[in-house]
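For reference, the chains in residue letters:
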Amino acid sequence: LFSPDEGGEKPPAKADDYFWEEDSRSYGRNIAQRFYELSAEQGSASSELRLGDYAYYGWGRSAGFTPQEGSSDGPIVEQGQDWADFPLPSIYTSDTVLLTPQNVDYEAALARYRKTADMTV
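Residues numbered from 1 in each chain as written. Predicted model: local features only at pLDDT ≥ 70, side-chain atom pairs only at ≥ 80, totals over all residues. Heavy atoms only, no water.

Novice: Looking at this structure, I do not really get the side chain of Ser44. What am I missing?
Specialist: Note that Ser44 resides in the loop between helix H1 (24-41) and helix H2 (45-57). Side chain to side chain, Ser44 and Ser47 meet in a polar contact 3.2 Å long. For Ser44, the residues in contact, after removing those within four places along its chain, are Ser39 and Met119. (Helix = DSSP H or I, 4+ residues; strand = E, 2+ residues; numbered from the N terminus. Polar contact = N/O pair within 3.5 Å; in protein donor to acceptor, adjacent residues only side chain to side chain. Contact = heavy atoms within 4.5 Å.)

Novice: Sorry if this is basic, but what is going on with a nonpolar patch on the surface here?
Specialist: A cluster of nonpolar side chains, contributed by Tyr56, Tyr57, Val104 and Tyr106, occupies part of the molecular surface with about 430 Å² of accessible area. Relative to the helices and strands, Val104 is located in the loop between strand E2 (97-101) and helix H4 (106-118). (Patch = residues over 30% accessible without salt bridge, like charges linked within 9 Å, V, L, I, M, F, W, Y side chains within 5 Å. Areas by Shrake-Rupley, 256 points an atom, 1.4 Å probe, with all protein chains shown as cover. Salt bridge = Lys/Arg side-chain N within 4 Å of Asp/Glu carboxyl O.)

Novice: Help me out: how do you make sense of the packing of H2 against H4 in this one?
Specialist: For the pair H2 and H4, the least separation of the axes is 8 Å and the interaxial angle reads 165°. One finds that H2 runs roughly antiparallel with respect to H4. Judged by the sense of rotation from one axis to the other, the crossing of H2 with H4 is left-handed. Contacts between H2 and H4 involve Ala45, Glu48, Leu49, Leu51, Gly52, Asp53, Ala55 and Tyr56 from the former and Tyr106, Ala108, Ala109, Arg112, Tyr113, Lys115 and Thr116 from the latter. Across the contact of H2 with H4, the residue classes break down as 9 nonpolar, 2 polar and 4 charged. (Axes fitted to C-alpha atoms, helices over the stretch in contact; angles between N-to-C directions. Parallel < 35°, antiparallel > 145°, perpendicular 65-115°, else oblique. Left-handed = near helix turned anticlockwise from the far one by under 90°. Nonpolar A, V, L, I, M, F, W, Y, C, P; charged D, E, K, R; others polar.)

Novice: Mind showing me how you'd approach the packing of aromatic side chains here?
Specialist: Within a pair of aromatic rings, the relevant descriptors are the distance that separates the centres and the angle that separates the planes. Considering all chains together, one arrives at 5 aromatic pairs under this definition. Between Tyr56 and Tyr57, the ring centres sit 5.0 Å apart and the planes meet at 85°, which makes this aromatic pair edge-to-face. Among the residues examined, Tyr56 registers a relative accessible area of 36% and is labelled partly exposed. Taken together, the ring pairs connect Tyr36, Tyr54, Tyr56, Tyr57, Trp59 and Tyr106 into an aromatic cluster. (Phe/Tyr/Trp six-rings, centres within 6.5 Å; stacked < 30°, edge-to-face > 60°. Buried < 20%, exposed > 50% of the residue type's maximum accessible area, 1.4 Å probe, protein only.)

Novice: Would you explain H2 in this entry?
Specialist: Since the α-helix advances by 3.6 residues per turn, residues separated by three or four positions end up pointing in the same direction. The terminal C-alpha atoms of H2 lie 19 Å apart, and with 13 residues this matches the ideal 18 Å at 1.5 Å per residue to within 8%. When H2 is considered as a whole, its buried residues turn out to be Ala45, Ser47, Glu48, Leu51, Gly52, Asp53, Tyr54 and Ala55. (Expected span 1.5 Å × (residues − 1).)

Novice: What am I meant to see in the pattern of salt bridges here?
Specialist: A pair can form between side chains of opposite charge whenever their charged atoms are brought close. Scanning all chains against the criterion turns up 4 salt bridges. Lys115 is the partner of Glu48 in a salt bridge, and the nearest nitrogen-oxygen pair spans 3.4 Å. Remark: Lys115 occurs in helix H4 and Glu48 occurs in helix H2; sequence separation between them is 67 residues. Taking the relative accessible area as the measure of exposure, Glu48 reaches 1% and is therefore buried. Classification of Lys115 as partly exposed rests on a relative accessible area of 45%.

Printed below as a string of structure tokens:
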């Protein structure tokens, strides 16, 4: 149920393929990260604390959208520019999610720790 298919050829990529990795520890951390995120959205202080640890140690994955042609994450339309030529941000033009290993991010960790300190347990 929770293991990737063993076989010769790799099947086509699915939305949750980032969970299946060679290292079983990474697999567990990726699954746990998702559940911590869901729990933190519901106000769990311990989950916020753990997500701070994930950012501090660089565990887990971060998600973003792949850039497409005709998209831009740059500045908004300048004065005098036609709105018809306005490139939409990649969040609106791409349906492909790019999952990358999460880098160590001390600022994000500190933000999570501060948020946890302000919560009631």
